[in-house]
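# Chain and residue survey
One-letter residues, chain by chain:
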Amino acid sequence: MNKQKQTNNVFTWVFILFCCIVSRLLSTIYYIEDIDSLRFALSMVEYDVEKLQPHFPAYPVFCFLAKFIYVLTGRYSLAFSIIGGISTFFTIFFTLKIVKIKCTSQLGIIAILILFMNPLLWLMSNRYMPDILGLACLLGAFYYILESIHPDGKNSSLYSYIGYFLAAILLGIKVSYIPLLIPVLLIGLKNNNIMKLFYAGGMGLLLWLIPLLWMTGWKTLLGSALNQTQGHFTDFGGTVSTNPDLWLRLNKIIESVVADGFGLYWQGRHLITVVSTILLLIIIFSNWKSIVGRTKQSLFGQNHIYHKPLLIGCIFYSVWLFVGQNVIYKSRHIIPLLPFFSIGIAIACNKILNYTKKQTDSFQRILKGWYPYCIGILVCFLLSYSYVTIHTVIQHTRPTAIAQIQRYLLEKTSQSNNELKIVSVPLIKYYLVSQGVKAEYIPIRTSKDLHQLNDLNSEFVVIGTKIPNRNPKKESTFYHNPYVNRMWSEIPVYEY
């Protein structure tokens, strides 16, 4: 009987892995959607930290792995999707392992569906970025260290070595996720042989640091580290020091979780998101007491120290997210929190399936006899939730606003006999030049630069900002759904 259950578990996980890879391959994107994606795409051609291909912290593990798959497939877009599919599988796998939910149980199936269909996780699994691989590695490290400190844990030494090894590997994938691991890392040091754990972590660190130093050189790497770190906190990083509006930051974090993270309603979104939002609220509020209790037990436990690192780690990461990440323009930074919110939603959905007439909660007494309708509510929620995700993913396969502009300008330059003049901020210039748009570029950094264009007599194109006191011959606006990618979701182009 146990062998039969084990076989079923293995078959289930193999099937989930297959679905993750195939679905992500089918939703592969074949264009460069933003500046960050461009840097990682360029790193497949030439890995050069000094040229910001990619930018520091260099993401060597992700780039080396993507490059390996790129060499095998011949398409870097497929390489990123394959990594995304495998990473999605391990995200689901380790999330269920951490909260000790069996994949073949009713709750497990619901949790798998919610994680698999999560809109932001799916979008990021196709984006040319390391976030989903970093999430999978983060959860893996967390699980193994957590198991090693459990009082009844088996193979605790082996698990602790694997956990610290993966934590070191995470530094080469997505270093900004480390705050969530800090509590469990410290508790792991207290409960295990410190020197052996340092050896395990050191091996994971050297595995990617030595090749990185050999390719980049320590002076170049150190210079890039200092410049990018300083720039992140004082210039372009979107931290609280450069964007100090605390209410706006909090509002954007909530929007990232609600709208970007789970495809629920936010101002300006499609009405279908209202349906999924209302249905989810009904599911949650009809069982809120039992949901809170089960979620606390599944995620945070009760008294033993084994159960505390996840709660404290989420708090650590939330603080870091609020003060040290670009939460205003980039929703992807909330990704490490999504698996645990998903478990709470899965528990709510599972509870409504197990609804009986013996409920004592006042709201549930009102619903007595409405069990079939509760099932209908759950099915409708899962359908609307999945519809929003699939629709958003399909939109993701279409070019973003900046990619549309790049294609438009390529066509325009091919039809013009004279060299085109393009006025834009340096980042857009970098994107267009890297994408093969040949033109004479006039960079603008301040409004003063823009006013000087009034004296320009020849034909030219301005991207992003209209010239004061001058009417364009043609005005176009390029747009994409901001819940696909917040960056540059609407860009006007003026032709003079």
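Residues numbered from 1 in each chain as written. Predicted model: local features only at pLDDT ≥ 70, side-chain atom pairs only at ≥ 80, totals over all residues. Heavy atoms only, no water.

### Considering the overall build of the chain
Worth spelling out the cut-off: For the purposes of this entry, the term helix denotes a DSSP run of H or I that reaches at least four residues, the term strand denotes a run of E that reaches at least two, and both are numbered from the N terminus. Here the globule rule is a power law, 2.2 Å times the number of residues to the power 0.38, and the radius of gyration is based on C-alpha atoms. Accessibility here uses a 1.4 Å probe with only protein chains present; expressed as a share of the type maximum, an area under 20% marks a residue as buried, one over 50% as exposed, and anything in between as partly exposed. Using a 1.4 Å probe, the Shrake-Rupley method yields the accessible areas, and only the shown protein chains count as cover for residues. For the charge count, each Lys or Arg is scored as positive and each Asp or Glu as negative, with His and the chain ends excluded. Charged groups are reduced to one reference atom each: NZ for lysine, CZ for arginine, CG for aspartic acid, CD for glutamic acid.
Per the secondary structure count, the chain includes 21 helices and 5 strands. Computed over its C-alpha atoms, the radius of gyration of the chain comes to 25 Å, within 12% of the 23 Å expected for a compact globule of 496 residues. The principal-axis extents of the C-alpha atoms in the chain amount to approximately 80 × 60 × 45 Å. A buried classification covers 52% of the 496 residues belonging to the chain. Of the roughly 23,700 Å² that the chain leaves accessible, carbon and sulfur atoms contribute 63%. Taking the average location of the 43 positive side-chain charges in the chain and that of its 23 negative ones, the two points are 15 Å from each other.

### Regarding the sheet that holds strand β5 (residues 490-495)
The strands making up a sheet associate through hydrogen bonds between their backbones, and the pairing can be parallel or antiparallel. In plain terms, the rule: Any two strands with at least two DSSP-identified bridges between them are counted as paired. To obtain an axis, a line is fitted to C-alpha atoms, over the contacting stretch when the element is a helix, and the angle between two such axes runs from 0 to 180 degrees between their N-to-C directions. Residues are treated as being in contact if the distance between any of their heavy atoms lies within 4.5 Å.
Spatial strand order, β2-β1-β3-β5-β4: 5 strands in an open sheet with mixed pairing. The open sheet has two edge strands with one neighbour each: β2 (440-443) and β4 (474-479). Geometrically, the sheet is characterised by an average inter-axis angle of 20° between neighbouring strands, direction not taken into account. Docked against the sheet, helix α19 (residues 401-415) engages β1 (421-424), β3 (461-463), β4 and β5, running at close to 140° with respect to β4. Relative to the sheet, helix α20 (residues 426-434) contacts β1, β2 and β3, its axis offset from that of β1 by approximately 135°.

### Quick notes on the pattern of salt bridges
Heads up, the rule is: Every case where a carboxyl oxygen of Asp or Glu lies within 4 Å of a side-chain nitrogen of Lys or Arg is listed as a salt bridge.
Counted by the stated rule, this structure contains 12 salt bridges. The salt bridge involving Lys 330 is made with Asp 36; its shortest N-O contact spans 2.9 Å. One end of the pair, Lys 330, is in the loop between α15 (308-324) and α16 (338-353); the other, Asp 36, is in helix α2 (residues 35-45), and 294 residues separate them in sequence. Across the pair Lys 473 and Glu 459 runs a salt bridge, and its minimum N-O distance is 3.6 Å. Placement of Lys 473 in the loop between β3 and β4 and of Glu 459 in the loop between α21 (447-451) and β3 is noted, with a sequence separation of 14 residues between them. The two residues Lys 473 and Glu 459 agree in class, both being exposed. A cluster of three or more residues bridged by salt bridges with shared partners is formed by Asp 36, Asp 131, Lys 174, Lys 330 and Arg 332.

### A few points about the side chain of Ser 23
Put simply, the rule is: Think of a polar contact as two N or O atoms within 3.5 Å of one another; within protein, one of them needs to be a possible hydrogen donor and the other a possible acceptor, and neighboring residues in sequence only count if both atoms come from side chains.
With respect to the secondary-structure elements, Ser 23 resides in helix α1 (residues 2-26). Residue Ser 23 is classed as buried on the basis of its relative accessible area of 11%. Reaching out from Ser 23, the side chain makes a polar contact with the backbone oxygen of Cys 19 at a distance of 2.7 Å. At 2.9 Å, the side chain of Ser 23 and the side chain of Arg 24 are in polar contact. Excluding residues within four positions of it along the chain, Ser 23 makes contact with Phe 116 and Trp 122.

### Considerations on the packing of aromatic side chains
Quick reminder of the rule: Geometry of aromatic contacts follows a simple scheme: Phe, Tyr and Trp rings, the Trp one being its six-membered ring, pair when their centres are within 6.5 Å, and the pair is stacked under 30 degrees between planes, edge-to-face over 60, tilted otherwise. A ring has a charge above it when a Lys NZ or an Arg CZ is no more than 6 Å from the ring centre and no more than 35 degrees off the ring normal.
Taken as a whole and assessed by the stated rule, the structure comprises 26 aromatic pairs. Judged by centre distance (5.2 Å) and plane angle (75°), the ring pair of Tyr 144 and Tyr 159 falls under edge-to-face. Residue Tyr 144 is found in helix α7 (residues 131-148), and its partner Tyr 159 is found in helix α8 (residues 156-171); the two are separated by 15 residues along the sequence. Across this residue pair, the class does not change: Tyr 144 and Tyr 159 are buried. Taken together through their ring pairs, the aromatic side chains of Trp 13, Phe 89, Phe 90, Phe 93, Phe 94, Tyr 143, Tyr 144 and Tyr 159 make up a single cluster. The ring of Phe 116 has Arg 24 sitting right over it, with the charged end atom 4.8 Å from the ring centre.

### Describing a nonpolar patch on the surface
Selection rule: Patch membership requires more than 30% relative accessible area and the absence of a salt bridge. Residues of like charge join within 9 Å; the nonpolar side chains Val, Leu, Ile, Met, Phe, Trp and Tyr join within 5 Å.
Taken together, Ile 182, Leu 186, Leu 311, Ile 312, Ile 315, Phe 316, Val 319 and Val 323 make up a surface patch of nonpolar side chains, about 640 Å² in accessible area. Sorting the residues of the nonpolar patch by element identifies α9 (178-191) and α15 as the ones contributing at least two each. When residues in the nonpolar patch are grouped by element, the largest group, 6 residues, is from α15. Structurally, Leu 311 can be placed in helix α15. Given a relative accessible area of 35%, Leu 311 falls into the partly exposed group.

### Here we look at the packing of helix α13 (residues 272-285) against α16
So the rule is basically this: Roughly parallel means an angle under 35 degrees; roughly antiparallel, over 145; roughly perpendicular, 65 to 115; everything else is oblique. Each residue receives one of three labels: charged for Asp, Glu, Lys and Arg, nonpolar for Ala, Val, Leu, Ile, Met, Phe, Trp, Tyr, Cys and Pro, and polar for the others, Gly being one of them.
Where α13 meets α16, the axes come as close as 9 Å, and the angle between the chain directions of the two elements is 70°. Judged by the inter-axis angle, α13 sits roughly perpendicular to α16. Between α13 and α16, the residues in contact are Leu 280, Ile 283 and Ile 284 and Ile 345, Ala 348, Cys 349 and Ile 352, respectively. Partitioned by chemical class, the residues of the contact of α13 with α16 number 7 nonpolar, no polar and no charged.

### Overview of α9
For clarity, the threshold we go by: A helix is expected to span 1.5 Å for every residue after the first. Throughout, the bend at a residue refers to the angle made by two axes, fitted to the seven residues ending there and to the seven starting there.
Given a rise of 1.5 Å per residue, 14 residues ought to cover 20 Å, and the 20 Å separating the end C-alpha atoms of α9 matches this to within 8%. Approximately 30° is the largest bend angle found in α9, and it occurs at Val 184. Those residues of α9 that are buried are in contact with α7, α8, α10 (194-216) and α15.

### Here's the deal with the state of the cysteines
Basically, it comes down to this: Note on terminology: pairs of cysteine sulfur atoms within 2.5 Å are recorded as disulfides.
Throughout the structure, instances matching the rule amount to 0 disulfides. Between Cys 103, a free cysteine, and Cys 20, which holds the nearest cysteine sulfur, the sulfur-to-sulfur gap is 12 Å. The exposure class of Cys 103 is buried, given its relative accessible area of 4%. Cys 63 provides the cysteine sulfur closest to Cys 137, a residue in no disulfide bond, and the two sulfurs are 15 Å apart. On the accessibility criterion, Cys 137 (8% relative accessible area) is buried.

### Examining the pairing of β1
Which entries qualify depends on this criterion: When the strands point away from the viewer, a crossover counts as right-handed if the route from the first strand across the helix to the second turns clockwise.
Across the two faces of β1 the burial is the same, with Lys 421 and Val 423 and Ile 422 and Ser 424 all buried. Inspection of the sheet shows β1 paired to β2 by 4 bridges, in the parallel sense. Note on β2: the bridge partner recorded for Ile 422 is Tyr 441. For the crossover that starts at β1, traverses α20 and ends in the parallel β2, the hand is right-handed. Here β1 pairs with β3 via 2 bridges, running parallel. Each residue of the ladder has a partner; that of Ile 422, found in β3, is Val 461.

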